[in-house]
Amino acid sequence: MASAHGSDSEVGILQTVLLHRPGPELKRLTPRNNDKLLFDGIPWISRAQEEHDAFAEALRARGVEVLYLVDLLVETLRSEDARHHAISAVTSGLHLGDTLGGYLSEALHDQSPEDLATILTAGVRNDELSGGFGLVTSLLPQDDFVIDPLPNLLFTRDSSVWIRDHVAITSLAMPARRRETQLTELIYAEHPRFAGSPTIHGWHHENVEGGDVLLLAPGVLAVGVGERTTPAGVERLARQVFTAGLAHTVLAVPIAQERATMHLDTVCTMVDVDKIVMYPNVADSLQAHAVTIAERTGPGDTDLRLDVAGAEPFLVAAAKAMRIDTLHQIDTGLDPVTAEREQWDDGNNTLALAPRVAVAYERNIETNTRLEEAGIEVIAIAGSELGSGRGGPRCMSCPVTRAPLPAD
Ligand SMILES: NC(=[NH2+])NCCC[C@H](N)C(=O)O
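Conventions and cut-offs
Residues numbered from 1 in each chain as written. Predicted model: local features only at pLDDT ≥ 70, side-chain atom pairs only at ≥ 80, totals over all residues. Heavy atoms only, no water. Axes fitted to C-alpha atoms, helices over the stretch in contact; angles between N-to-C directions. Helix = DSSP H or I, 4+ residues; strand = E, 2+ residues; numbered from the N terminus. Parallel < 35°, antiparallel > 145°, perpendicular 65-115°, else oblique. Left-handed = near helix turned anticlockwise from the far one by under 90°. Contact = heavy atoms within 4.5 Å. Nonpolar A, V, L, I, M, F, W, Y, C, P; charged D, E, K, R; others polar. UniProt positions renumbered as here; feature names shortened; annotations may be inferred. Near = heavy atom within 4 Å. Polar contact = N/O pair within 3.5 Å; in protein donor to acceptor, adjacent residues only side chain to side chain. Areas by Shrake-Rupley, 256 points an atom, 1.4 Å probe, with all protein chains shown as cover. Phe/Tyr/Trp six-rings, centres within 6.5 Å; stacked < 30°, edge-to-face > 60°. Buried < 20%, exposed > 50% of the residue type's maximum accessible area, 1.4 Å probe, protein only. Domains from an automatic or database assignment. Buried area = accessible area lost by both parts, 1.4 Å probe. Salt bridge = Lys/Arg side-chain N within 4 Å of Asp/Glu carboxyl O.

(A) Molecular detail of the packing of helix H3 (residues 80–91) against helix H4 (residues 97–109). Viewed as axis vectors pointing N to C, H3 and H4 meet at an angle of 155 degrees, and their least axial separation amounts to 10 Å. As the angle between them shows, H3 and H4 are arranged roughly antiparallel. Taken as a pair, H3 and H4 cross one another with a handedness that is right-handed. Contact with H3, carried on its side by Arg83, His84, Ile87, Val90 and Thr91, involves Gly101, Leu104, Ser105, Leu108 and His109 of H4 and no other residues of that element. Counted by class, the contact of H3 with H4 contains four nonpolar, five polar and one charged residues.

(B) Looking closely at the UniProt feature "active site" (unreviewed entry) in the protein. The feature "active site" (unreviewed entry), as given by UniProt, occupies Cys395 in the numbering adopted here. As for its position among the elements, cysteine 395 is in the loop between strand E19 (377–381) and strand E20 (398–402). Excluding residues that lie within four positions of it along the chain, cysteine 395 makes contacts with Leu154, Phe155, Thr156, Arg157, Asp265 and Asn349.

(C) Fine view of the site of the ligand. In the vicinity of the ligand there are 15 residues, among which Asn152, Arg177, Asp265, Gly389 and Cys395 approach most closely. With respect to the ligand, the side chain of asparagine 152 contributes an N or O atom lying 2.7 Å from a nitrogen atom. Contacts to the ligand include aspartate 265, whose side-chain N or O atom sits 2.8 Å from a nitrogen atom. Coverage of the ligand by the protein amounts to 100% of the 350 Å² it exposes when considered alone. Taken together, the residues of the shell around the ligand sort by class into four nonpolar, five polar and six charged.

(D) Here's a closer look at the packing of aromatic side chains. Counted under the stated rule, the structure contains four aromatic pairs. Where phenylalanine 39 meets phenylalanine 155, the ring centres are 6.4 Å apart and the plane angle is 40 degrees; that geometry is what we call tilted. Separated by 116 residues along the polypeptide, phenylalanine 39 in the loop between strand E1 (14–19) and helix H1 (45–61) and phenylalanine 155 in the loop between strand E4 (145–147) and strand E5 (160–163) bring together distant segments of the chain. A single burial state applies to phenylalanine 39 and to phenylalanine 155, both of which are buried.

(E) Region of interest: the domain arrangement of the protein. Taken domain by domain, the protein consists of domain 1 (2–69 + 151–402) and domain 2 (73–147). One C-alpha centre belongs to domain 1, the other to domain 2; they are set 31 Å apart. Contact residues are listed per partner, giving 14 residues for domain 1 and 22 residues for domain 2. Both faces combined, the contact of domain 1 with domain 2 buries some 1500 Å², and carbon together with sulfur accounts for 56% of it. Between the two partners, domain 1 and domain 2, sit two salt bridges. Taking the shortest distance from any N to any O, the salt bridge between arginine 28 and glutamate 128 comes out at 3.0 Å. For the interface between domain 1 and domain 2, the tally reads seven residue pairs in polar contact (both at pLDDT 80 or more). Top element by residues in the side of domain 1 that touches domain 2 is helix H7 (residues 180–190). It accounts for five residues.

Quick look at the structure:
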């Protein structure tokens, strides 16, 4: 089955995608914890679900198979082995102590796969416990989480990335998101659908988040380096994709360490084989270092000497690596202020369903007009509630399978 999954570009016809429908984990957000949990507001959950269902429907209408993370998790948790892994991972946190940790690990084993999946995604508050009482439960504030909720599961883009037929389990930088990859790792390791799919990277490696990884063309990756992906993270990923023969060039692209530009896909996304929608306020300053293999001395990823080129303008370095004349830039908005507003609202964060067909938030009127003028069909979706977590159609989707691009 392994060869049935995978993706070698951002724009090949999308066949299968992994989404997460907003669920009870969003009910955990309060004005006191939303910053820490990386949300800019408190979403209206039923409306967020409606918007998300419409997003999924728009994908299905174009022939895309939609997989839901929680469905896969529940199916995965039917295996004893997987349950055991999931429970020991979530109860091994040092903040629990032996009394509570021991209680939770027993109590979780008694749950059905469905209930266990809810606990793993929505978390548990101290005042919801019905056992395991002791020093830890007495001293922790009642509204503290003993198992953290994962509201950012919505952004399936970040916790795994398919690169050709391999899936990279990422290593998330923000404490609020770290546990997400325990779940994606488990699904890819244990769910029968993915049996035999080779994995790379992993949560125990240097930080890399999927929102930073763009498959510019077969064999060419651009990786943002900023708040979420570290310099060491991109080096590790480059070593691994080179060793597995998944790419010949990795472009390391420094981006500002700010909330507005947390991932590379907040400033640019591909909408055609040679077109990229880009935030004009950074377009001129965006640079890239092309990383290639200088020498291989053995079979492992540490047996590589990497060649790191000096910084070049991003569009120039990208076109060179992609072996095309020009990577055409489509600007977000018409003027710097509109651009800034629409970039913040994920105008750059489009999801291509095929070359020249992209899903975008309807609110980014000027960017969408510019996309249409450039010959891109825009499938507009509502995102008033979904956007409060600062993510657009690309962040909310992990392409599992895209048709390979036709060879030229
Ligand atoms: N690929 C993306 N741009 N993802 C957006 C993730 C947003 C999420 N609230 C976070 O801060 O992590």
